Amino acid sequence: MTKKNKNLIALSFDIEDWYHTPLVTGSSFAKYPTLEDFLKQNPQESVDCISDETVRLIEILDHYKVSATFFMVADVAKRYPKIVDALRGSRHEIASHSLTHQSGIDAKSKEPMVSYKDWHNEQAEAKKVLENIFKTQVIGFRAPNAVLANWMLPLLEEIGFRYDSSVAFNTIYNKTNVKLRAIPATPYYINTNDMSADNPTSNLLELPWSNYRVAPFITLPAGGGYFFRLLGPIYFKRVLKKALEKGDSMFYMHPIDISRKPIPAENPNNRPLYWINKGETTEKNLIKMLEEFKGLFTTCKEIYIRNK
Ligand SMILES: [Zn+2]
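This section reports on the structure supplied with the text. A quick note: this is a predicted structure, and the numbers were derived from the prediction, not measured.

Time to look at the packing of helix H7 (residues 225-246) against helix H8 (residues 280-292). Look at H7 against H8: their axes get within 10 Å of each other, and the N-to-C directions meet at 10°. Between H7 and H8, the crossing angle belongs to the class labelled roughly parallel. Facing H7, whose interface residues are Phe 228, Arg 229, Gly 232, Pro 233, Phe 236, Lys 237, Leu 240 and Lys 241, H8 presents Thr 282, Asn 285, Leu 286, Lys 288, Met 289 and Glu 292.

We now examine the coordination of the zinc ion. With distances of 2.0 to 2.1 Å, the protein atoms coordinating the zinc ion are Glu 16 (OE), His 97 (NE2) and His 101 (NE2). Read N to C, the donor residues that coordinate the zinc ion are spaced as E-x80-H-x3-H. His 101 sits in the buried class, given a relative accessible area of 1%.

Two aromatic rings are characterised by how far apart their centres lie and by the angle between their planes. As enumerated under the stated definition, the model contains 21 aromatic pairs in all. Judged by centre distance (6.1 Å) and plane angle (35°), the rings of Tyr 163 and Tyr 304 are tilted. Of this pair, Tyr 163 sits in strand S5 (residues 163-164) while Tyr 304 is found in helix H9 (residues 300-307), placing the two residues 141 residues apart along the sequence. With respect to class, Tyr 163 is no different from Tyr 304; both count as buried. Ring geometry for Tyr 226 versus Phe 227: centroids 5.3 Å apart, planes at 80°, classification edge-to-face. The exposure class assigned to Tyr 226 is partly exposed, which follows from its relative accessible area of 26%. One aromatic cluster in this structure is built from Tyr 212, Phe 228, Tyr 235, Phe 236, Phe 251, Phe 293 and Phe 297.

Let us now look at a positive patch on the surface. Together, Arg 213, Arg 238, Lys 242 and Lys 246 make up a positively charged patch on the protein surface. Here the positive patch gets 3 residues from one element, more than from any other, and that element is H7. Secondary-structure assignment places Arg 238 in helix H7.

Its identity as a non-glycine residue notwithstanding, Ser 98 has a phi of 80°, on the positive side. Mapped onto the elements of the fold, Ser 98 is located in the loop between strand S3 (93-96) and helix H5 (116-134). Even without a glycine there, the phi angle at Lys 135 is positive, about 55°. When you line up the elements, Lys 135 lands in the loop between H5 and strand S4 (140-141). Residue Lys 135 is classed as exposed on the basis of its relative accessible area of 66%.

Its location among the elements puts Tyr 189 in strand S6 (residues 188-189). Along the chain, Tyr 189 and Gly 247 lie 58 residues apart, while their C-alpha atoms are 14 Å from each other. Excluding anything up to four places from it in sequence, Tyr 189 contacts Ser 196, Ala 197, Pro 200, Ser 202, Asn 203, Leu 204, Leu 205, Asn 307 and Lys 308.

Let's shift gears to the pairing of strand S8 (residues 211-215). Strand direction decides the pairing type here: S8 and strand S9 (residues 218-221), joined by 4 bridges, are antiparallel. Considered in S9, the bridge of Asn 211 is made with Pro 221. Remark: 2 residues form the turn of the hairpin made by S8 and S9, two consecutive strands paired antiparallel.

Applying the stated rule across the entire model yields 18 salt bridges. For Asp 75, the salt bridge identified is with Arg 79, shortest N-O distance 2.7 Å. Placement of the pair is Asp 75 and Arg 79 together in helix H3 (residues 74-79), with a separation of 4 residues, close to one helical turn. Judged by relative accessible area, Asp 75 falls into the buried class, the value being 8%.

Counting residues in hydrophobic clusters, the biggest one holds 101 residues, and the most contacted among them are Trp 18, Phe 70, Met 72 and Phe 251. Sorting elements by how many residues they give to this core places H7 first, with 7 residues.

Residues Met 152, Leu 153, Leu 155, Leu 156 and Ile 159 constitute the buried set of helix H6 (residues 152-159). Each buried residue of H6 sits inside an arc of 160° when the element is viewed along its axis, so together they form one side. Packed against the buried residues of H6 are H5, S4 and S5. Positive phi appears at Gly 160, one or two residues downstream of H6, with a value of about 115°.

Definitions and cut-offs
Residues numbered from 1 in each chain as written. Predicted model: local features only at pLDDT ≥ 70, side-chain atom pairs only at ≥ 80, totals over all residues. Heavy atoms only, no water. Axes fitted to C-alpha atoms, helices over the stretch in contact; angles between N-to-C directions. Helix = DSSP H or I, 4+ residues; strand = E, 2+ residues; numbered from the N terminus. Parallel < 35°, antiparallel > 145°, perpendicular 65-115°, else oblique. Contact = heavy atoms within 4.5 Å. Donors = N, O, S within 2.8 Å, 3.2 Å for Na, K, Ca; no water. Buried < 20%, exposed > 50% of the residue type's maximum accessible area, 1.4 Å probe, protein only. Phe/Tyr/Trp six-rings, centres within 6.5 Å; stacked < 30°, edge-to-face > 60°. Patch = residues over 30% accessible without salt bridge, like charges linked within 9 Å, V, L, I, M, F, W, Y side chains within 5 Å. Areas by Shrake-Rupley, 256 points an atom, 1.4 Å probe, with all protein chains shown as cover. Salt bridge = Lys/Arg side-chain N within 4 Å of Asp/Glu carboxyl O. Lys, Arg positive; Asp, Glu negative; His and termini not counted. Charge placed at Lys NZ, Arg CZ, Asp CG, Glu CD. Pairing = 2+ DSSP bridges. Core = buried A, V, L, I, M, F, W, Y, C linked by side-chain atoms within 4.5 Å. Arc of directions from axis to C-beta.

Written as structure tokens, this is what we have:
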């Protein structure tokens, strides 16, 4: 069987530092309301947990001859030259992970935290910043914290994005502002009202986060990230194999997931498991995934082209 008629896995990395995460900045429950507030009080030198880690990820990918998609926070592209140097002109795809990693809606009420117009302008600016810095076209978007509202979808299409990769369906959490019904675990054109695959109302292709149905009413998250650190490669190998039976799938991580550096003290410690297995354990686990699915990982862009 050639790669052409095999189902593939989009491999993606969200490039944000520890202080872009929702406990620290950019969410309704963050310690600092915005990234700007945080940066005023914290010099950059003391907080970089992702430059060396991103370079290391790229080395690992090169070793396995794998191309991946890097969902860049535009703020990182502006302030982390080592990451830009490592990715510009490389085999990897650059996509957008917003301007500052600010959530667009409140975690609880699901009400917009910014006006639609401001949100539109922010995403358009992030796309432009990334295209200028990396000298490449950006067609993919992932919402910060996977916090996605249905009103964002037509705006993404208007700005010129061709695919989104933010919808995560499971029974543990729903970060969207709509009542998600079971959605496919494979790429689909999205209905901009309820985010389902029924009666698509857009030309925006959704690359949803994978999920794992363990019982009729229990579906577990299987996209990667925190759950990859928590549950490890045995669970994820099983889940991705299941997903590949149905179609193309998606897997994601962060450079910070392999960082050996301690997270600075500003990170609230009310979630003791938040950084579980960060560092060498997760780097080794990523390598196990690359070994297991040799030849099956690719960029989101390739998955988009195959499914459009
Ligand atoms: Zn993120």
